[in-house]
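Inside the fold
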Number of protein chains: 2
Amino acid sequence: VPVRSGSTQEEVRRHNLQAVLHHVHLQGPTSRADLAAATGLNRSTIRALTADLARHGIVRERPPPAGGRSRAGRPSLVVAPEAHRFGVLAVDVTVDKLVVAWVGLGGQIIDRREHETTRRAQPVAAVVELLGEMADDLLGAEAPWEACIGVGASVCGVVQREDGLVRFAPNLGWVDAPFGELLRARLGRPATVLVGNDADLGALAEHTRGAATGSDHVLYISGEVGVGGGIIADGHQLHGRGGYAGEFGHVVVNPTGRRCRCGSRGCWETEIGEDAVLVAAARPPGGGWPAVLEVIAAARAGERAAAAGLRRVGRRLGAGVAGLVNAFNPEVVVFGRVLADVFTATEATVRERISTLALTAPREQVRLVPAQLGEDSALLGAAESAFAPFLADPLRTTGWPTAPFVRERLAPPRDDLGLQSSVSG
Amino acid sequence: VPVRSGSTQEEVRRHNLQAVLHHVHLQGPTSRADLAAATGLNRSTIRALTADLARHGIVRERPPPAGGRSRAGRPSLVVAPEAHRFGVLAVDVTVDKLVVAWVGLGGQIIDRREHETTRRAQPVAAVVELLGEMADDLLGAEAPWEACIGVGASVCGVVQREDGLVRFAPNLGWVDAPFGELLRARLGRPATVLVGNDADLGALAEHTRGAATGSDHVLYISGEVGVGGGIIADGHQLHGRGGYAGEFGHVVVNPTGRRCRCGSRGCWETEIGEDAVLVAAARPPGGGWPAVLEVIAAARAGERAAAAGLRRVGRRLGAGVAGLVNAFNPEVVVFGRVLADVFTATEATVRERISTLALTAPREQVRLVPAQLGEDSALLGAAESAFAPFLADPLRTTGWPTAPFVRERLAPPRDDLGLQSSVSG
């Protein structure tokens, strides 16, 4: 794509604002001196950029804590994200519960509501109504809607990226459920509602703030009843044509295996999902994550059926990961939700399978780790997806559809934007 | 990454040169008017850019053929790549033969040498010596070394991207063979030698000039004795951490299947590679692509064993592709080398398996096609990989290590580069 001349100063400024805000969003309060070191920009440029962000209420500058002086002896102001003024609504729809959280700029969960679901299959409209009530309650209590930059939602299903249509969520009983549209309507504000697959969002969160920061080639494998995957390739999320990439749970790994809810047979999720663990350990299916933890505890306590069942599942987990290592040559494989516990309990078996079944070259390069964000991976990923457009262009003066307050009250007129000073470095 | 101010005009110019040369390289001779339409740049900018490229001998401008006038009645000069002045050496090492070709700017094969190998396993040094002799012969006959922009080589094995070390090529009998280093030494010039996996390079070529142009999400599956894959995600090649991504042939699809040369069991290549087709059709292994074509012909002629064998392979091919569709959500799956023929002969079976085993959402979005570049996919991909750095920055005045002729004879002094005029649009 050719670049035209003309708007390049504006582009430079946007890039630099992005770099500064991104750093503060991910790392938290940072001194101007450290921002200069991290971005490679000089201190006068940093000063102009943070002043701009502060004038718009996006960050706040404050003196360093006592003793926090720069080498030259002059105090370097600390730049902190305005977590209570700018935030996103994050939603997580899992088989077992619904979560709605207010996540402030900086990525911390400020407040949350949870609702345990009693049945596994519920109509999409009922779920959306519940989420709406939880959001009303949460936002009434804590956060001003006016500062809501956007809404991010995670669903344990196959999600059409462009509009949040849930194409297939067997464990919720949804087929072509217009979740994104209904949620947007129920929230009743001009909010941008971004809906994603739980494993994709878990991958995003673990890559941004969890077990895979700093790695450009990441696979995240999330397990509950179903098994899904998220892919980071060359530092960016791999979505595929329509947003459906990463359905590792429905790759057939055993042609003579068990029937899967997707209509196929021998899918990986029939071999390593929660029910597969329970059945392998001679227990009834349906007990969810707590029942799997009980199996792991029983195996540790010496119960033979539990130990043998876990070993079998560990072998299947390792075999599947070996295939993914050959296909993707990842730097890190992160095991999420219940698979974090299963992996930890079967690590030696998993590693043995991988060393037998994966090619030497990619095997040498991969690290295997449990998720760091626990059951909040997908929720935090949903929040990050909602923050992304704002972080990319924080001072855009029109078009934050959900932030009329920000636009009208905080944005100064255009000729006050400090365009010249911000590119002086 | 923050952008600094200062060099932006230069960056704009480089981007625009890139866009123009890229178009001419891919589409061949193009009128200035069509270049303006394709790049969105105005005609005076295009004129300045093509004049720059012509002054450096990279393109040539000529009057349009009789009758070829623009709407306004003024003739629009046609810009053509200087295919005989700038080129790359492309190398393809397969199990059955060695190919060395001279590929001109514009991507056409101008001349080639082939050598059929008599044995399947040969020492890397012997192969490199043969390739060196073929290159001497070819370049002595046709192309001046001085105009060689770089060397690209394809190998049917697991290749370490950074230095061309072939980690594992079971069908050549190579383990950790320093192919890139030896080839560089044998060619005896300061050439940049880029070595890649054959399926990765096949994917690049089919995406650039073949069956998958215009698609941003592509899987290329290449079969001969072994089976490999190349991945295009969001328009870019997915290499993974070390360049090893795409080894679909070594994903285990059948835990009770046959032993694989990689040491594992039930790898996909043991189910759909050349020998798998031959064995399924009750023939001895080892006959290669010609023997597979004979099976296909026999099945068409009504031979039961051949037809049943092909159907079985088609089912396994479809099952594996279904898994890849679920994992990658590609827009196009391209079948390369012998798999192009196997796919064409078993298409109905392959599609039936995919419609049973792939999830609806990604299945609806995928097209399945045979490769368009035939057995030259990998060779042409090797050429494109060697062209890439030049296309990205064609007027770089230092640092084309292989083009002293270009640098010394064609590059004008720096103040003659037309910096101002090229950004006037």
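These numbers were taken from a predicted model, which means no experiment stands behind them.

**Re unusual backbone geometry**
Among all residues except glycine, the phi angle is most often negative; among peptide bonds, the trans geometry is most common. For A:Asp176, which is not glycine, the phi dihedral falls at a positive 50°. Structurally, the position occupied by A:Asp176 is in strand β10 (residues 174-177). The exposure class assigned to A:Asp176 is partly exposed, which follows from its relative accessible area of 38%. With phi around 50°, B:Asn329 is a residue other than glycine that occupies positive phi space.

**Focus: the nonpolar core**
One finds A:Trp268, A:Leu317, A:Val321, B:Trp268, B:Leu317 and B:Val321 to be the most contacted residues of the largest nonpolar core, which totals 89 residues. What B:Val321 contacts, discounting residues up to four positions off in sequence, is B:Ile221, B:Trp268, B:Val333, B:Phe335, B:Ile354 and B:Leu368.

**What about the interface of chain B and chain A?**
Counting from both sides, the interface comprises 57 residues of chain B and, opposite them, 57 residues of chain A. Between chain B and chain A the total buried area reaches about 4400 Å² when both faces are included, carbon and sulfur atoms providing 62% of it. For the pair chain B and chain A, the number of links is 4 salt bridges. Taken together, the connections running from chain B to chain A amount to 18 residue pairs in polar contact (both at pLDDT 80 or more). Counting residues per element, the ones that place at least two in the side of chain B that touches chain A are α1 (8-27), β9 (165-169), β13 (227-233), α10 (304-328), α11 (338-357) and α12 (360-364) of chain B. Here the element with the most residues in the side of chain B that touches chain A is α1(B); it accounts for 5 residues.

**Examining the pattern of salt bridges**
Working definition: two side chains of opposite charge can pair if their charged atoms are close together. Enumeration over the complete set of coordinates arrives at 48 salt bridges over all chains. Across the pair A:Asp111 and A:Arg113 runs a salt bridge, and its minimum N-O distance is 3.2 Å. Across the pair B:Arg337 and B:Asp92 runs a salt bridge, and its minimum N-O distance is 2.7 Å. Linking B:Arg337 in strand β15 (residues 332-337) with B:Asp92 in strand β4 (residues 87-93), this pair joins segments that are 245 residues apart in sequence. As far as the burial class goes, B:Arg337 and B:Asp92 line up, both buried. Each of A:Lys97, A:Arg112, A:Glu114, A:Glu375 and A:Asp376 takes part in salt bridges that share partners, so that together they form one network.

**Digging into the packing of aromatic side chains**
Applying the stated rule across the entire model yields 9 aromatic pairs over all chains. Ring centres of B:Phe335 and B:Phe343 lie 4.3 Å apart, and the angle between their planes is 10°; this geometry places the pair in the stacked category. Here B:Phe335 and B:Phe343 have matching classes, each one buried. Connected via pairs of aromatic rings, a cluster forms that spans A:Phe248, A:Phe328, B:Phe248 and B:Phe328.

**Details of the relation of the copies chain B and chain A**
Turning chain B through 180° and shifting it by 0.0 Å along the axis lays it on chain A, with an RMSD of 0.0 Å. Both copies of the chain, as the preceding transformation shows, are related through a two-fold rotation axis. The residues that chain B uses at the interface reappear at the interface of chain A in 100% of cases, marking a shared surface.

**Here's the deal with the sheet that holds strand β8 (residues 158-160) of chain A**
All names here are of chain A. If you walk across this open sheet you meet the 3 strands as β8-β9-β10, and the pairing is antiparallel. Where the open sheet ends on each side, the last strands, each with one partner, are β8 and β10. Looking at each pair of strands side by side, their axes are set apart by 15° on average, direction ignored. The pairing of β8 with strand β9 (residues 165-169) spans 3 bridges and is classified as antiparallel. Bridging across to β9, Val159 finds its partner in Val166.

About the criteria used
Residues numbered from 1 in each chain as written. Chains lettered and ligands numbered in written order. Predicted model: local features only at pLDDT ≥ 70, side-chain atom pairs only at ≥ 80, totals over all residues. Heavy atoms only, no water. Helix = DSSP H or I, 4+ residues; strand = E, 2+ residues; numbered from the N terminus. Buried < 20%, exposed > 50% of the residue type's maximum accessible area, 1.4 Å probe, protein only. Core = buried A, V, L, I, M, F, W, Y, C linked by side-chain atoms within 4.5 Å. Contact = heavy atoms within 4.5 Å. Buried area = accessible area lost by both parts, 1.4 Å probe. Salt bridge = Lys/Arg side-chain N within 4 Å of Asp/Glu carboxyl O. Polar contact = N/O pair within 3.5 Å; in protein donor to acceptor, adjacent residues only side chain to side chain. Phe/Tyr/Trp six-rings, centres within 6.5 Å; stacked < 30°, edge-to-face > 60°. Least-squares fit on C-alpha atoms with pLDDT ≥ 70 in both. Pairing = 2+ DSSP bridges. Axes fitted to C-alpha atoms, helices over the stretch in contact; angles between N-to-C directions.

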